[in-house]
Amino acid sequence: MAICRTILRNWSSDVNGRHGEVDWTPIRYLNKGFSQTVLAGLYRTAQVGLVTPLQDGMNLVAKEYVAAQNPADPGVLVLSKFAGAANELDTALLVNPHDIEGMARTMATALSMPLIERRMRWEAMMTKLRGNTIRQWFASFVYALQDEVAGKIVTKDPVGADPATLWSPRSVNSNSRYH
């Protein structure tokens, strides 16, 4: 991990040295933890959010970046096509993190993107984020699970069925808590 940090620090120093100005640097490399409030402020001021995992995952950082943007002047999300959020945030600029030249071109596109296009992309992503709440995700998961269980019951003899396949999950809309 320390090797990765050293490489990132050296890489960002090289990029900043070649492209930075006295009053501006393209990369701000910070290697420490921040509160949610500070993170939201950093996300909001970033012209480009670069989220490039090499394999699938929740990638909440990408969603936090989008949610923190100024609607009047949003930044651009550049997102790995391998990210779990790529299917939902499909108006982000999708990249293959293994393709360095392609990522550089995409970052240049993000930095030069006109305001109207940035707004349209951001609005499309926010519509999806607002429409996919944790309650809706949970409900769709439970319904898919119920469908799977129902499919097993239909194909098996109910009398000889495994009792575990006959359970009836609680209503998603109940006020029950799961621990």
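Residues numbered from 1 in each chain as written. Predicted model: local features only at pLDDT ≥ 70, side-chain atom pairs only at ≥ 80, totals over all residues. Heavy atoms only, no water.

**Remarks on the overall build of the chain**
Phase 1: A count of helical and extended segments in the chain gives six helices and three strands.
Phase 2: Going from the N terminus to the C terminus, the chain shows its helices and strands as α-α-β-α-β-β-α-α-α.
Phase 3: Across the 179 residues that make up the chain, the buried fraction comes to 25%.
Phase 4: Taking the intrachain contacts of the chain between residues at least 6 apart in sequence as the baseline, contacts between residues at least 24 apart amount to 55%. (Helix = DSSP H or I, 4+ residues; strand = E, 2+ residues; numbered from the N terminus. Buried < 20%, exposed > 50% of the residue type's maximum accessible area, 1.4 Å probe, protein only. Contact = heavy atoms within 4.5 Å.)

**Examining the nonpolar core**
Phase 1: Grouped together as the largest cluster of nonpolar side chains are 17 residues, with contacts concentrated most on A62, V66, L77, L79, L89 and M125.
Phase 2: Elements that contribute at least two residues to this core include exactly α3 (60-68), β2 (76-80) and α5 (115-131).
Phase 3: Beyond its immediate stretch of four places on either side in the chain, V66 contacts L77, L89, W122, M125, M126 and L129.
Phase 4: Core analysis: the next-biggest nonpolar cluster, separate from the first, contains seven residues, L93, V95, M103 and M113 among them. (Core = buried A, V, L, I, M, F, W, Y, C linked by side-chain atoms within 4.5 Å.)

**What about the packing of aromatic side chains?**
Phase 1: Evaluated as defined, the whole model comprises one aromatic pair.
Phase 2: Taking 6.4 Å as the distance between ring centres and 80° as the angle between the ring planes, the aromatic pair formed by Y43 and Y65 counts as edge-to-face. One end of the pair, Y43, is in helix α2 (residues 36-45); the other, Y65, is in helix α3, with 22 residues separating them in the sequence. Neither residue differs from the other here; Y43 and Y65 are each classed as buried. (Phe/Tyr/Trp six-rings, centres within 6.5 Å; stacked < 30°, edge-to-face > 60°.)

**A short note on the packing of α2 against α3**
Phase 1: Where α2 contacts α3, the axes come no closer than 8 Å and their chain directions differ by 70°. Regarding the angle of α2 to α3, the classification is roughly perpendicular. Here Q36, A40, Y43 and R44 of α2 come into contact with α3, specifically with V61, E64, Y65 and A68.
Phase 2: Class assignment for the residues of the contact of α2 with α3 results in five nonpolar, one polar and two charged. (Axes fitted to C-alpha atoms, helices over the stretch in contact; angles between N-to-C directions. Parallel < 35°, antiparallel > 145°, perpendicular 65-115°, else oblique. Nonpolar A, V, L, I, M, F, W, Y, C, P; charged D, E, K, R; others polar.)

**A look at the pattern of salt bridges**
Phase 1: Tallying each qualifying case throughout the model produces five salt bridges.
Phase 2: Of the charged contacts, one joins D73 and R118 as a salt bridge, the two residues approaching to 2.6 Å between their closest N and O atoms. Of this pair, D73 sits in the loop between α3 and β2 while R118 sits in helix α5; the two residues are 45 residues apart in sequence, bridging distant segments of the chain.
Phase 3: Relative accessible area serves as the criterion here: at 16%, R118 is assigned to the buried category.
Phase 4: Between D90 and K128 there is a salt bridge, with its nearest N and O atoms 2.8 Å apart. Of this pair, D90 sits in the loop between β2 and β3 (93-95) while K128 sits in helix α5; the two residues are 38 residues apart in sequence, bridging distant segments of the chain. (Salt bridge = Lys/Arg side-chain N within 4 Å of Asp/Glu carboxyl O.)

**A word on empty space enclosed by the protein**
Phase 1: In this structure the tally under the stated criterion is one cavity of 30 Å³ or more.
Phase 2: Of the voids in this model, the largest cavity is the one considered here, and its volume is about 30 Å³.
Phase 3: At the level of secondary structure, the elements contributing two or more residues to the lining of the largest cavity comprise β2 and α5.
Phase 4: Sort the elements by how many residues they give to the lining of the largest cavity and α5 lands first, with three residues.
Phase 5: Its residues assigned to classes, the lining of the largest cavity comprises six nonpolar, two polar and two charged. (1 Å grid on protein atoms, 1.4 Å probe; cavity = no way out; pocket = protein on both sides within 12 Å on 5 of 7 lines; lining within 4 Å. Points joined across faces, edges and corners; volume = space filled by probe spheres on them.)

**A few points about the layout of surface pockets**
Phase 1: Considering only enclosed or pocket space, the largest pocket measures out at about 2100 Å³ in volume.
Phase 2: As for the largest pocket, its lining consists of 40 residues, of which W11, I27, R28, V48 and L50 are closest to the centre.
Phase 3: Contributions of two or more residues to the lining of the largest pocket are made by α1 (2-19), α2, β1 (48-51), α3 and α4 (100-112).
Phase 4: Looking at the lining of the largest pocket residue by residue, the class counts come to 29 nonpolar, eight polar and three charged.

**Observations concerning the side chain of S12**
Phase 1: With respect to the helices, strands and loops of the structure, S12 is situated in helix α1.
Phase 2: With a relative accessible area of 4%, S12 lands in the buried category.
Phase 3: Not counting chain neighbours up to four residues away, the residues in contact with S12 comprise I27 and Y29.

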